[in-house]
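Read off the chains here:
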Amino acid sequence: MQQKEPPASRHVRINALDGSGSFNAYLAVPASGSGPGLVLAQEIFGVNATMREVADYYAEEGYVVLVPDLFWRQQPDVELGYTPADWERAFGFYKGFDEALGVQDIQACLNALRQRPEVTDGKAGVLGFCLGGKLAYLAACRTDADAVVGYYGVGIEAALDEAERIRCPLTLHVAELDAFCPPEARQRIVQALGGRPGVAVHVYPGVDHAFARKGGDHFHRASALMAHERSIATLKSAIERTKARIEELDGRLKKSGVQIAGLEKMLAGLRRSVTE
């Protein structure tokens, strides 16, 4: 089997929308050099090796991935492991985190991705874990993301009043045994969101918080693979759909060799939709 080429990666600076400064973000670009954009929202441990590995993984899937340092207003470049001391520090950052500003930073990253030459179709989504899972849900409500995926978000049940503002396809992955999302909270999420058009809530039986973190204590391979397949399906259906349609129409024009006015009009309209 032919191995995929490793993605290119580096750190870039992103300007905050409120004018308060700028922050670091890890950028991973697929070997092809281009693809749809994806903002990866961190766990409470910062942009650590785990988050960078996830970014590289999605870059191998063809996405241009940006992982913002969401704790930058408290302390720039937080990067923690999973020892008891790291957990204590992580919860300290979590308690001091301004959620609303974090969502603004995600919007800043969406803007930055769409302006990058590597993001050729102008489409960008959001994917997050833990803290980032809650921010992903809020991004579906408050930002112009084209698609959103959240893994075991903490505290989504406290923001269900914003569900009316969901404006893009949204997939949430919920762990049945997650103590940070107890049964009553999970039931509220499923009842409030499960029947909404374009929203999917998947509950994974017998698994705990962070079941998709490879190498973690709660890692569950089968559930992680299933969640990843569902995540990719959500991103592909929403982010890549317009690009595929453009390529289809381009191919039809080239194959026919005839300038069909109606077809060209459809193609021009689609192109405008991904640049606006």
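Preceding this section is the structure that the text describes.
Residues numbered from 1 in each chain as written. Predicted model: local features only at pLDDT ≥ 70, side-chain atom pairs only at ≥ 80, totals over all residues. Heavy atoms only, no water.

A few points about unusual backbone geometry
Then step 1. Of note, the phi angle at Cys-130 is positive, near 60°, even though the residue is not glycine.
Then step 2. Topologically, Cys-130 is positioned in the loop between β5 (124-129) and α4 (131-142).
Then step 3. The class of Cys-130 is buried, set by a relative accessible area of 8%.
Then step 4. The phi dihedral of Tyr-152 falls on the positive side, at around 35°, and the residue is not glycine.
Then step 5. Along the chain, the position of Tyr-152 falls in the loop between β6 (148-151) and β7 (170-175). (Helix = DSSP H or I, 4+ residues; strand = E, 2+ residues; numbered from the N terminus. Buried < 20%, exposed > 50% of the residue type's maximum accessible area, 1.4 Å probe, protein only.)

A few points about the pattern of salt bridges
Side-chain pairs of opposite charge can arise whenever the charged atoms involved come near each other.
Then step 1. Taken as a whole and assessed by the stated rule, the structure comprises 13 salt bridges.
Then step 2. Each of Arg-114, Lys-123, Asp-144 and Asp-146 takes part in salt bridges that share partners, so that together they form one network. (Salt bridge = Lys/Arg side-chain N within 4 Å of Asp/Glu carboxyl O.)

Looking at the side chain of Gln-107
Then step 1. Here Gln-107 lies in helix α3 (residues 99-115).
Then step 2. Assessed through its relative accessible area of 14%, Gln-107 is described here as buried.
Then step 3. The contact partners of Gln-107, leaving out residues within four places of it in the chain, are Leu-17, Arg-114, Thr-143 and Asp-144. (Contact = heavy atoms within 4.5 Å.)

A few points about the packing of α3 against α4
Then step 1. Between α3 and α4, the shortest axis-to-axis distance is 10 Å and the interhelical angle comes to 70°. One way to sum up the angle between α3 and α4 is to call them roughly perpendicular. The two elements α3 and α4 meet at a crossing, and its hand is right-handed. For the pair α3 and α4, the contacting residues are Glu-99, Ala-100, Val-103 and Ile-106 in the first and Lys-134, Leu-135, Leu-138, Ala-139 and Arg-142 in the second. (Axes fitted to C-alpha atoms, helices over the stretch in contact; angles between N-to-C directions. Parallel < 35°, antiparallel > 145°, perpendicular 65-115°, else oblique. Left-handed = near helix turned anticlockwise from the far one by under 90°.)

Examining the packing of aromatic side chains
Then step 1. Inspection of every chain in the model, using the stated rule, returns 15 aromatic pairs.
Then step 2. Consider the rings of Tyr-152 and Phe-211, whose centres lie 5.4 Å apart with planes at 70°: the pair is edge-to-face. Here the residue Tyr-152 occupies a position in the loop between β6 and β7, and Phe-211 occupies one in the loop between β8 (199-204) and α6 (221-239), the gap between them amounting to 59 residues.
Then step 3. Take Tyr-152: its relative accessible area is 2%, and that puts it in the buried class. (Phe/Tyr/Trp six-rings, centres within 6.5 Å; stacked < 30°, edge-to-face > 60°.)

Details of the sheet that holds strand β1 (residues 8-15)
Then step 1. Strand order in the open sheet made by the eight strands is β1-β2-β4-β3-β5-β6-β7-β8, with mixed pairing throughout. At either end of the open sheet lies a strand with only one pairing partner, and these are β1 and β8. Adjacent strand axes in the sheet meet at a mean angle of 20° when their direction is disregarded.
Then step 2. Bridge count for strand β3 (residues 37-41) against strand β4 (residues 64-68) is three bridges, and the pairing is parallel. Residue pairing across strands places Gly-37 opposite Val-64, the latter belonging to β4.
Then step 3. The sheet contacts of α3 involve β1, β2 (22-29), β3, β4 and β5, and relative to β3 the element is tilted by about 155°. (Pairing = 2+ DSSP bridges.)

Overview of the nonpolar core
Then step 1. Within the largest apolar cluster, 87 residues are counted, with the highest numbers of intra-cluster contacts made by Tyr-58, Val-65, Tyr-137 and Leu-193.
Then step 2. Look past the residues within four positions of Tyr-137 in its chain and what remains in contact with it is Val-148, Ile-156, Ala-159, Leu-160, Glu-162, Ala-163, Ile-166, Leu-170 and Leu-193. (Core = buried A, V, L, I, M, F, W, Y, C linked by side-chain atoms within 4.5 Å.)

Thoughts on empty space enclosed by the protein
Then step 1. Across all of its chains, the model carries one cavity of 30 Å³ or more by this definition.
Then step 2. A volume near 60 Å³ is recorded for the largest cavity.
Then step 3. In this structure, the largest cavity is lined by Gly-150, Tyr-151, Tyr-152, Gly-153, Ile-156, Leu-172, His-173, Val-174, Asp-178, Cys-181 and Ile-189.
Then step 4. The set of elements that each furnish at least two residues to the lining of the largest cavity consists of β6 and β7.
Then step 5. The leading source of residues in the lining of the largest cavity is β7, at three residues.
Then step 6. Of the residues contributing to the lining of the largest cavity, the split by class is seven nonpolar, three polar and one charged. (1 Å grid on protein atoms, 1.4 Å probe; cavity = no way out; pocket = protein on both sides within 12 Å on 5 of 7 lines; lining within 4 Å. Points joined across faces, edges and corners; volume = space filled by probe spheres on them. Nonpolar A, V, L, I, M, F, W, Y, C, P; charged D, E, K, R; others polar.)

A look at the pairing of β5
Then step 1. The buried fraction of β5 amounts to six of the six residues, a majority that puts the element mostly inside the structure.
Then step 2. Of the two faces of β5, both are covered, the one formed by Ala-124, Val-126 and Gly-128 as well as the one formed by Gly-125, Leu-127 and Phe-129.
Then step 3. Relative to β5, β3 is paired through five bridges, and the arrangement is parallel. Across the sheet, the residue bridging to Ala-41 is Gly-128, located in β5.
Then step 4. Where β5 and β6 come together, four bridges link them in parallel fashion. If you follow Val-126 over to β6, its bridge partner there is Val-148.

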